[in-house]
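Summary of the model geometry
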Amino acid sequence: MTTLFSGHRLGELALPNRVVMAPMTRVRAGTGGLATPSMARYYAQRASAGLIVSEGVQPSLIGQSNPGTPGLYTDDQVAAWRPVTDAVHTNGGRIFAQIMHGGRVSHPDTTGLRPVGPSAVAAVGEVFTPGGRKPAPVPRALATAEVPEHIRSYADAARRAVDAGFDGVELHGANGYLISQFLSPNANLRTDRYGGSVANRIRFAVEAAAATVDAVGAERTGIRLSPGGPFWGIEETDVPELYTELLTELSRLRLAYVHLEATTDEETLLGLRRTWPGTLVMNPVLPMGPKQTGRAEADHWLGLGADLISFGRAFIANPDLVERLRTGLPIAPADEATYFEGADNGYLTYPAYQHSA
Ligand SMILES: Cc1cc2nc3c(=O)[nH]c(=O)nc-3n(C[C@H](O)[C@H](O)[C@H](O)COP(=O)(O)O)c2cc1C
């Protein structure tokens with residue numbers, strides 16, 4: 001019987017369990033988007049996960065969404081990641097980098113550049129800047145001739161990720177960032193080959209995935225999607241059709257995995273499970289929703305045919321989450337106040353379960 005603690009083959013990796021650490025931005029990178037020794041300790045503490053997916057990592061300066069996030073577009077950034085991936089491997093773990101281009105969810109105060117998007121439509125909400133939260137600006141619509149350079153940025157970052165010792169990459173196609181903006185009929189008003197019909201709106205995602213597969217191999221390439229997710233003003237009206245076509249195209253590329261968020265109804269998600277023949281990573285609850293993923297949600301989705309389950313918030317306060325799940329130990333609550341600030345506090349300060357003597 002498949003349980004959270006049975007192994008799973010993912011490309012060339014043998015995962016010892018089915019617990020994935022979900023990508024979580026923690027805003028603790030150094031100047032120039034450099035990974036730090038604290039980040040190496042944080043991820044190494046969590047190396048018992050079957051797979052770690054890193055926080056979102058920008059593939060270019062213009063792709064940076066939040067201040068204080070790491071990048072994978074300079075040689076210095078590659079060098080700074082190396083101790084992180086080494087520390088995870090030394091502790092017996094495996095780690096993919098999440099490549100996240102923010103598109104319109106960005107700000108000139110953060111990058112010095114006007115954000116770009118599929119169309120000149122602002123995200124809904126306030127974005128983080130070095131001077132606090134500010135209304136999301138109207139992005140500059142990419143010209144058709146500029147689109148390939150942004151597609152290439154995912155593949156270039158993937159190549160750098162592998163150079164830095166990552167076992168693979170996850171393209172961030174969820175939560176209202178650039179790939180998600182192209183998928184969405186209200187963020188993408190284009191009339192060229194990247195907009196309009198479903199076949200055109202999925203083209204950016206499929207070309208980014210194909211370029212990444214060419215760069216680092218299908219067995220090292222995953223993608224995260226949030227079907228129907230209402231993030232940053234995204235409204236998708238044709239969720240089953242859009243994601244069925246997308247997964248059908250992606251299945252031709254034989255990606256290592258698709259990582260789905262439970263952002264639409266279970267029936268639609270089960271239909272997508274049937275469409276996608278490869279490894280399915282399921283994130284069972286709404287991001288930032290009131291309830292966080294636990295053992296019950298994980299077992300529910302394994303029963304419905306997910307291969308791997310990703311846990312976000314539970315990993316923040318429980319570096320030994322796999323052991324706690326395995327032995328039924330209590331799951332410690334995370335302090336929201338230190339999600340995005342606090343340096344090592346609320347980052348390296350959560351201990352493994354302390355058994356009383
Ligand atoms: C602090 C924090 C940062 C997050 N950053 C990212 C991110 O960089 N990329 C991403 O795809 N999801 C991100 N998420 C969403 C999580 O990956 C996950 O989908 C969400 O927390 C729900 O799962 P959970 O109930 O297990 O926490 C973040 C969530 C939290 C709490």
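Residues numbered from 1 in each chain as written. Predicted model: local features only at pLDDT ≥ 70, side-chain atom pairs only at ≥ 80, totals over all residues. Heavy atoms only, no water.

Under an unreviewed UniProt entry, the protein chain has the name Alkene reductase and belongs to Streptomyces lanatus.

Notes on unusual backbone geometry
What counts here: For the purposes of this entry, the term helix denotes a DSSP run of H or I that reaches at least four residues, the term strand denotes a run of E that reaches at least two, and both are numbered from the N terminus. Here's how the labels work: a residue is buried when its accessible area is under 20% of the maximum for its type, exposed when over 50%, partly exposed in between, all with a 1.4 Å probe on protein chains only.
You will see that Asn175, though not glycine, has its phi angle at about 60°, which is positive. Position of Asn175 relative to the elements: it lies in the loop between strand S10 (168-173) and helix H5 (178-183). For Asn175, a relative accessible area of 14% translates into the label buried.

Quick word on the UniProt feature "domain: NADH:flavin oxidoreductase/NADH oxidase N-terminal" (unreviewed entry) in the protein chain
Quick note on the threshold: UniProt positions are given in the numbering used here, feature names are shortened, and annotations may be inferred rather than shown by experiment.
Look at the UniProt record and you will see "domain: NADH:flavin oxidoreductase/NADH oxidase N-terminal" (unreviewed entry) annotated at residues 4-330. This span, residues 4-330, is 35% helix and 18% strand, and a straight line between its end C-alpha atoms measures 17 Å.

What about a nonpolar patch on the surface?
How we decide: The patches reported here contain residues having more than 30% relative accessible area and no salt bridge. Joining distances are 9 Å for like charges and 5 Å for nonpolar side chains (Val, Leu, Ile, Met, Phe, Trp, Tyr). Accessible surface is estimated by sampling points in the Shrake-Rupley manner with a 1.4 Å probe; for residues, cover comes only from the protein chains shown. Here a salt bridge means any side-chain nitrogen of Lys or Arg lying within 4 Å of a carboxyl oxygen belonging to Asp or Glu.
There is a patch of nonpolar side chains on the surface, built from Phe128, Met288 and Phe340 and spanning about 300 Å² of accessible area. Residue position: Phe340 is located in the segment after helix H12 (321-327).

Notes on the pattern of salt bridges
According to the stated counting rule, one finds 16 salt bridges in the structure shown. As a salt-bridge pair, Arg160 and Asp75 come within 2.8 Å of each other at their nearest N and O atoms. Of this pair, Arg160 sits in helix H4 (residues 147-163) while Asp75 sits in helix H2 (residues 75-90), and the two are 85 residues apart along the sequence. Using a relative accessible area of 24% as the deciding quantity, one classes Arg160 as partly exposed. Arg193 serves as the salt-bridge partner of Glu207, at 3.6 Å between the closest nitrogen and oxygen. Here Glu207 is found in helix H7 (residues 203-216), whereas its partner Arg193 is found in the loop between H5 and helix H6 (198-201), with 14 residues between them in sequence.

A short note on the sheet that holds strand S12 (residues 257-261)
Two orientations exist for strands paired in a sheet by backbone hydrogen bonds: parallel and antiparallel. How we decide: Two strands are said to pair when DSSP picks up at least two bridges between them. Axis definition: a line fit to C-alpha positions, over the contact stretch in the case of helices; interaxial angles, taken between N-to-C directions, run 0 to 180 degrees.
The 8 strands lie next to each other as S3-S4-S5-S10-S11-S12-S13-S14, forming a closed barrel whose pairing is parallel. If you compare each strand with its neighbour and ignore which way they point, the axes differ by 25° on average.

Details of the packing of helix H1 (residues 37-45) against H2
Using the following cut-off: Put simply, angles under 35 degrees are roughly parallel, angles over 145 are roughly antiparallel, angles from 65 to 115 are roughly perpendicular, and the rest are oblique. By definition, any crossing whose near helix is turned counterclockwise from its far helix by less than a right angle is left-handed, and any crossing with a clockwise turn is right-handed. What makes two residues a contact is simply this: any of their non-hydrogen atoms within 4.5 Å.
Contact geometry of H1 with H2 gives a least axis separation of 8 Å together with a crossing angle of 20°. In this view, H1 runs roughly parallel relative to H2, as classed from their interaxial angle. In this structure, the crossing between H1 and H2 has a hand that is right-handed. Contacts between H1 and H2 involve Met39, Ala40, Tyr43 and Ala44 on the former and, on the latter, Trp81, Pro83, Val84, Ala87 and Val88.

Some points on H2
Going by this rule: The span expected for a helix works out to 1.5 Å for each residue beyond the first. Given a residue, its bend is the angle between the two axes fitted to the seven residues that end at it and to the seven that start from it.
Spanning 16 residues, H2 covers 23 Å between terminal C-alpha atoms, matching the ideal 22 Å at 1.5 Å per step. At Trp81, H2 shows its strongest bend, of approximately 25°, with the proline Pro83 following within four residues. Turning to H2, its buried residues number three or more, namely Gln77, Val78, Ala80, Trp81, Val84, Thr85, Ala87 and Val88. In the core, the buried residues of H2 are packed alongside H1, strand S4 (51-57), strand S5 (95-99) and H4.

Quick word on the packing of helix H8 (residues 239-253) against helix H9 (residues 266-275)
To keep things clear, this is the line we draw: Side-chain classes are defined by residue name, with Ala, Val, Leu, Ile, Met, Phe, Trp, Tyr, Cys and Pro counting as nonpolar, Asp, Glu, Lys and Arg as charged, and the others, Gly among them, as polar.
Orientation of H8 relative to H9, taken along the N-to-C sense of each, is 20°, at an axis distance of 9 Å. For the element pair H8 / H9, the angle class is roughly parallel. Every pair of crossing elements has a handedness; the one defined by H8 and H9 is right-handed. Residues Val239, Pro240, Tyr243, Thr244, Leu247 and Thr248 of H8 pack against Thr268, Leu272 and Thr275 of H9. Counted by class, the contact of H8 with H9 contains 5 nonpolar, 4 polar and no charged residues.

Side note on the side chain of Arg26
Defined as follows: We treat Lys and Arg as the positive residues and Asp and Glu as the negative residues; His and chain ends play no part in the count. Residues adjacent in sequence count toward polar contacts only when both atoms are side-chain atoms; beyond that, a polar contact is any pair of N or O atoms within 3.5 Å, and within protein one must be able to donate a hydrogen and the other to accept it.
Positionally, Arg26 belongs in the loop between strand S3 (19-21) and H1. It turns out Arg26 is buried and unbridged, and the closest side chain with the opposite charge, Glu55, is 7.6 Å from it. Within the local environment of Arg26, its side chain forms a polar contact with the backbone oxygen of Thr338, the two atoms lying 3.1 Å apart. In this structure the side chain of Arg26 is engaged in a polar contact, spanning 3.0 Å, whose partner is the backbone oxygen of Gly346. Contacts of Arg26, omitting those with residues within four sequence positions, involve Tyr42, Glu55, Ile316, Thr338, Tyr339, Phe340, Gly346 and Tyr347.

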